[in-house]
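# What the coordinates show
Listed here are the chains, written in short residue letters.
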Amino acid sequence: MSALPPPERVEGFGLYNVSVSPVFRPGSLDALREALATCASNGSKPVFRGAGRSYGDASTNPAGPVVEMTGLNAVAGFDEASGIVRAGAGLTLGDLWKWSIPRGFWPPVVTGTMHVTLGGAVAMNVHGKNGWKKGTIGDHVESVSILRDGCRVEEIAHGTRAFDDVVGNWRLPDPIVEVSLKLKKVATGYLDVEATAAPNLAATLAGLDGAKEDWDYVVGWMDCWASGRSLGRSVLHVANEHPAKEGEPRGLSVEEQVADIHTGPVPAPVLLLGLKLTAAGPQMRFVNFGKYAASLLGGRARTRQSLVAYSFLLDYLPGWNEAYRPGGFIQYQLFVPRDAAEAAFERALDLQHEMGVVSSLAVVKRHRADRFSRGYALDGFSLALDFPVTRKNASRLIALARAFDALLLSCGGRAYKAKDCVGSVERLAAARGAA
Amino acid sequence: MKRVILVGATDGLGKALAEVYAERGFWVTILGRSREKLEALVADLRGRFPVATVNGVVCDVADAARLEPAFHEAIAVTGHCDLFLYNAGVMHGGDGVTSVPALDAETMEVNAVAAVRLLGLAANWFRVAGRGQIGGISSIAGDRGRSGNPAYNASKAALSTFLEGLRNRLAPFGVTVSTVKPGFVGTRMTAGKPGLFWVAPAAEAARIIADRLEKRHEVFYVYRRWALLGLAMRHAPRFLFKRLGPP
Ligand SMILES: Cc1cc2nc3c(=O)[nH]c(=O)nc-3n(C[C@H](O)[C@H](O)[C@H](O)COP(=O)(O)OP(=O)(O)OC[C@H]3O[C@@H](n4cnc5c(N)ncnc54)[C@H](O)[C@@H]3O)c2cc1C
Ligand SMILES: NC(=O)c1ccc[n+]([C@@H]2O[C@H](COP(=O)([O-])OP(=O)(O)OC[C@H]3O[C@@H](n4cnc5c(N)ncnc54)[C@H](OP(=O)(O)O)[C@@H]3O)[C@@H](O)[C@H]2O)c1
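Quantities reported herein were computed from a predicted structural model and do not represent experimental measurements. The numbers attached to residues start from 1 for each chain and follow its sequence in the written order. Chain labels run from A onward and ligand labels from 1 onward, assigned in the order the entries are written. Per-residue local features of the predicted model are confined to residues with pLDDT of at least 70, and side-chain atom pairs are confined, for both listing and counting, to 80 or more; whole-chain, interface and lining totals are unaffected and use all residues. With hydrogens and water stripped out, all remaining heavy atoms of the structure feed into the side-chain values.

## Brief notes about the interface of chain A and chain B
Contacts are assigned to residue pairs with any non-hydrogen atoms lying within 4.5 Å of each other. Every contact between the two is made by 22 residues of chain A and, on the other side, 21 residues of chain B. Think of a salt bridge as a Lys or Arg side-chain nitrogen and an Asp or Glu carboxyl oxygen that are within 4 Å of each other. The interface formed by chain A and chain B includes zero salt bridges. Polar contact criterion, stated in full: a pair of N or O atoms within 3.5 Å, where within protein one must be able to donate a hydrogen and the other to accept it, and residues adjacent in sequence count only if both atoms are side-chain atoms. Along the contact surface separating chain A from chain B lie 12 residue pairs in polar contact (both at pLDDT 80 or more). Helix and strand definitions follow DSSP, with helices as H or I runs of at least four residues and strands as E runs of at least two, each counted in order from the N terminus. The biggest single contributor to the side of chain A that touches chain B is helix H12 (residues 394-411) of chain A, with six residues. Three residue categories are used. Nonpolar comprises Ala, Val, Leu, Ile, Met, Phe, Trp, Tyr, Cys and Pro, charged comprises Asp, Glu, Lys and Arg, and polar comprises the others, including Gly. For the side of chain A that touches chain B, the class distribution of residues is 15 nonpolar, two polar and five charged.

## Considerations on the site of ligand 2
Residues and elements named next belong to chain B. Put simply, a residue is near a molecule or strand once any heavy atom of it comes within 4 Å of that molecule or strand. Around ligand 2, the structure places 29 residues, and the nearest of them are Thr10, Leu13, Lys37, Tyr152 and Thr187. Lys37 places a polar side-chain atom, nitrogen or oxygen, 2.7 Å from an oxygen atom of ligand 2. Contacts to ligand 2 include Lys156, whose side-chain N or O atom sits 2.9 Å from an oxygen atom. The method behind every accessible area is Shrake-Rupley, applied with a 1.4 Å probe, and residues are considered shielded solely by the protein chains displayed. For ligand 2, the accessible surface in isolation is 880 Å², of which the surrounding protein chains cover 96%. Elements with a contribution of two residues or more to the shell around ligand 2: helix H1 (12-23) and helix H5 (150-170). Of the residues belonging to the shell around ligand 2, the class tally is 13 nonpolar, 10 polar and six charged.

## So, the nonpolar core
In terms of nonpolar packing, the biggest core is built from 97 residues, with Leu334 and Phe345 of chain A together with Tyr21 of chain B touching the most fellow members. Looking at this core, the element that brings in the most residues is H12 of chain A, giving 10 residues. For the purposes of this description, domain bounds are those given by an automatic or database domain assignment. Each of domain 1 (7-68) and domain 3 (190-432) of chain A contributes no fewer than three residues to this core. Every residue in contact with Phe345 of chain A, bar those within four places of it in the chain, is listed here: Leu201, Leu205, Leu334, Val336, Val364, Phe381, Ser382 and Leu383 of chain A. Working definition of a nonpolar core: buried Ala, Val, Leu, Ile, Met, Phe, Trp, Tyr and Cys residues. They are joined through side-chain atoms within 4.5 Å. Exposure categories follow from relative accessible area, calculated using a 1.4 Å probe and restricted to protein chains: below 20% of the type maximum is buried, above 50% is exposed, and the middle band is partly exposed. If you look at the next biggest cluster of nonpolar residues, it comprises 58 residues, including Ala58, Met114, Phe163 and Val167 of chain A.

## Notes on the confidence of the model for chain B
For any part of a model where pLDDT is low, the fine detail of the predicted coordinates should not be relied upon. The predictor reports its confidence for every residue as pLDDT, a score running from 0 up to 100. Predicted confidence across chain B gives a mean pLDDT of 96, with 99% of residues reaching 70 or more. Scoring the predicted complex yields pTM 0.96 and, for the interface, ipTM 0.96.

## Concerning unusual backbone geometry
Cis peptide bonds are those with omega within 30 degrees of zero, and the linkage from Arg325 of chain A to Pro326 of chain A qualifies with 5 degrees. By the element assignment, Pro326 of chain A lies in the loop between helix H10 (307-311) and strand E16 (329-337). Notably, Asp149 of chain A is not glycine yet its phi reads approximately 50 degrees, a positive angle. Within the secondary structure, Asp149 of chain A sits in the loop between strand E8 (141-148) and strand E9 (152-157). The phi torsion at Trp198 of chain B lies on the positive side, around 45 degrees, for a residue other than glycine.

## Overview of the site of ligand 1
Residue and element names in this part refer to chain A. Of all residues adjacent to ligand 1, which total 37 residues, the nearest are Phe48, Gly50, Arg53, Ser54 and Thr117. Between an oxygen atom of ligand 1 and a side-chain N or O atom of Ser54, the distance comes to 2.7 Å. Taking Lys365, its side chain carries an N or O atom lying 3.1 Å from an oxygen atom of ligand 1. Bound to the protein, ligand 1 loses 97% of the 960 Å² it would expose on its own. Those elements that provide at least two residues to the shell around ligand 1 are strand E3 (47-49) and helix H3 (118-124). The element that contributes the greatest number of residues to the shell around ligand 1 is H3, accounting for four residues. Looking at the shell around ligand 1 residue by residue, the classes come out as 21 nonpolar, 11 polar and five charged.

## A few points about the packing of aromatic side chains
All names here are of chain B. Paired rings are identified among Phe, Tyr and Trp, the last through its six-membered ring, by centres lying within 6.5 Å, and are further divided according to the angle between planes into stacked (under 30 degrees), edge-to-face (over 60) and tilted (the rest). With the rule as written, the count across this model stands at 24 aromatic pairs over all chains. Pairing Trp198 with Trp226 gives two aromatic rings, centres 5.1 Å apart and planes at 85 degrees, and the pair type is edge-to-face. Placement of Trp198 in the loop between strand E7 (185-186) and strand E8 (200-201) and of Trp226 in helix H7 (residues 225-235) is noted, with a sequence separation of 28 residues between them. Judged by relative accessible area, Trp198 falls into the partly exposed class, the value being 32%.

## Here we look at a nonpolar patch on the surface
On the surface, a cluster of nonpolar side chains totalling about 240 Å² of accessible area is made up of Phe197, Trp198 and Leu229 of chain B. Of note, Leu229 of chain B is situated in helix H7. Residues with no salt bridge and a relative accessible area higher than 30% make up the patches, which join like charges within 9 Å and nonpolar side chains (Val, Leu, Ile, Met, Phe, Trp, Tyr) within 5 Å.

## Looking at the sheet that holds strand E5 (residues 133-137) of chain B
Residue and element names in this part refer to chain B. Taken in spatial order, the seven strands line up as E3-E2-E1-E4-E5-E6-E9 in an open sheet, and their pairing is parallel. The open sheet is flanked by strand E3 (53-58) and strand E9 (219-220), the only strands paired with a single partner. Against the sheet, helix H2 (residues 35-48) touches strand E2 (27-32) and E3, its axis set at about 175 degrees to E3. Here the rule is simple: two strands pair whenever DSSP picks up at least two bridges between them. To get an axis, a line is fitted to the C-alpha atoms, and for a helix only the part in contact is used. The angle between two axes follows their N-to-C directions and goes from 0 to 180 degrees.

## Topic: the pattern of salt bridges
Residue and element names in this part refer to chain A. Under the defined criterion, the tally for this structure stands at 38 salt bridges over all chains. Residues Arg86 and Glu155 are paired through a salt bridge, measuring 3.4 Å at the closest nitrogen-oxygen approach. You can see Arg86 sitting in strand E6 (residues 84-88) and its partner Glu155 sitting in strand E9, a full 69 residues away along the chain. Of the charged contacts, one joins Asp149 and Arg152 as a salt bridge, the two residues approaching to 3.8 Å between their closest N and O atoms. For Asp149, a relative accessible area of 58% puts it in the exposed group. Each member of the salt-bridge network shares a partner with another, and the members are Arg148, Asp149, Arg152, Glu154 and Asp174.

## Here we look at the domain arrangement of chain A
Residue and element names in this part refer to chain A. Structurally, chain A comprises domain 1 (7-68), domain 2 (75-185) and domain 3 (190-432). Taking only C-alpha atoms, the centre of domain 1 and the centre of domain 2 are 20 Å apart. Facing 13 residues of domain 1, the contacting portion of domain 2 comprises 16 residues. Buried area between domain 1 and domain 2, both sides added, is near 1100 Å², and the carbon and sulfur share of it is 69%. Here the quantity called buried area is the total loss of accessible area, with a 1.4 Å probe, experienced by two parts when brought into contact, counted for both. On the domain 1 side of the contact with domain 2, Arg33, Phe48 and Arg53 bury the most area, a combined 41% of that side's loss. For the interface between domain 1 and domain 2, the tally reads zero salt bridges. Here domain 1 and domain 2 share four residue pairs in polar contact (both at pLDDT 80 or more) between them. Broken down by secondary-structure element, the contributors of at least two residues to the side of domain 1 that touches domain 2 are helix H1 (29-41) and E3. For the side of domain 1 that touches domain 2, the leading source of residues is H1, giving four residues.

## Considering H2 of chain B
All names here are of chain B. Counted at 1.5 Å a residue, the expected span for H2 with its 14 residues is 20 Å, and the 20 Å between its end C-alpha atoms agrees. Among the residues of H2, those classed as buried are Leu38, Leu41, Val42 and Leu45. Looking straight down H2, one finds that the buried residues subtend no more than 100 degrees of arc, so they occupy a single side. Seen from the open side of H2, the exposed residues pointing more than 90 degrees away from its buried face are Glu36, Ala43 and Gly47. What a helix is expected to span follows from its residue count: subtract one and scale by 1.5 Å. It is the directions from the helix axis to the C-beta atoms whose arc is reported.

Right, dumping it as structure tokens:
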């Protein structure tokens, strides 16, 4: 029996959740088999980890080892006609788009960071800003391969019951080793992005809802500090693919994609500066207001932006989460049915003001109902919030999170494990199981 | 949002500390030897403080084989740990002049040996985690050997010195180690004892201790005036100690 490797610190992206776990980093299928055999012979059940971009405890293991899957990251095959790529579960979306964009393809669903692995994306069933039109990543996965019982590779096709059991299953007993994903053919690597201002919550939700059929990507950046008649005011960004035009660059190279980072409707430095300030507190208020005012002054501004600049803005300030040490920060994303959203989000904003803990950055999205039984997305909206954890706000913050739990319970909403740092997903499941 | 593990906290000061942390909405995991008392306390705290996440792990610290599994169970149910506090303690009264070796050995076992085992596991965990806090409820009684209960003095001296060593060991890793010397606290341990003064009610002592741990104080008393007395006690010449012999 081989011994477990020495324990290491394993953190969620929010840096609040941490575990001390032996970590395996297999670079091949055989090494993975060996790691699983070692776990089994030590009687411990591993937790699999992709790139560790879940905010909370999804890919940490307080009770045993962690198997990091990023070493299995080879592109194993590609069918140009169908756009289906088959790749190791440890391949990140970042590596994938760099590989696919010169071929004229883009992942059908991308998260706000490119540093997530295919395995992590499937196990969480992640969504993007095109949640209404394209659903979650599971909708675009043709098949997954699992290393069953530590020995044989089993391919599971979309549409089977076994597939339904894998997608969105963040505590899989067996690791995903390969994913076949249908990429989207793009004419250019650019989007046409329109920014508008929504003066309050009703306008924010109506704006997103109204745009969802005509625009592929629909997202709102909400200023949680606004109150009274301005409660819920946002800047809405909608985007569609920029068509190919004679004589225009097509943006299908990594260089062109990255060159675009500092353009666009939200100047990246402003947003990033705002994020840095979050840790320091209410200065963010001015950054938010500045963003809102800028979009008002600009009217209905249309800009061309690269897919990368539009999708992965946050990645261009590497290590921004480190600013939140030592306490870390937590995310809370409320998924609420459409008809309940206005009342629920109004309450969610009021609660923040009442408790004196206000999210500095809030993102609103429109979703369609998840097609997988472990899904979290529903026909409605989500509001993603983040809060630094400090000595001063700790008691109010956890009370706020529990008030969000109660709000979700009362309106038929859901919490999302990728963002959950305080056990809300488990608490909601227990409360619903008991009811 | 702190995640706190309290060892031996089903009565007295420990129980009061569990209540303080639960009231703050934190994660509280209690290690206790009596399943019955533990379950009752966990149910009570869950009922009164629904925001908090309260769990219990059965563990008699005198059972050496149980300590490591109990430690890992506690970490697993708590998710992670920001504060690991060793509170379990016994003080066997006696006639003040006769040693009862079996009881003295138990005192050493519960107050010192088990503490060293559990705190050592915690220290390894925190060193790797690179943050957090370890604490022990020691006592002014550990500053000097006294006539009344030498084993209790020795057990607390061992605990204090062990904590001091951990503090120095873990400082480079960003981990705080705190030694609490409460002074008299109104609990079962002190009930009916003569000659007490400055007795702090358990709830008040717990609140003060939690606040000072929160501020990462390293060595402290509940009431600051104990610091003066402590200083005098530590430096009182031997002959005086023999004569006055505070028990
Ligand atoms: C800046 C930022 C923006 C984000 N934006 C979005 C967004 O827009 N939409 C969204 O949906 N999410 C978003 N997320 C969350 C993120 O997409 C998910 O948490 C995703 O699961 C992270 O992937 P990962 O590879 O880092 O996986 P990890 O976080 O390491 O793991 C995620 C889960 O997958 C499991 N897992 C990982 N790999 C495997 C495998 N090979 N086999 C079996 N199980 C596995 C883990 O056990 C864990 O439960 C964002 C996160 C960040 C940091
Ligand atoms: N009271 C004071 O004035 C005073 C002063 C200085 C220091 N202290 C120290 O403060 C700590 C708390 O004391 P207290 O006053 O609250 O006394 P207490 O009321 O007697 O509580 C002692 C706690 O330790 C637990 N314990 C004892 N033996 C144990 C074992 N083998 N396994 C697990 N748990 C065990 C007890 O569990 P049960 O509930 O099962 O009995 C109880 O919860 C002790 O370390 C004590 O030495 C107290």
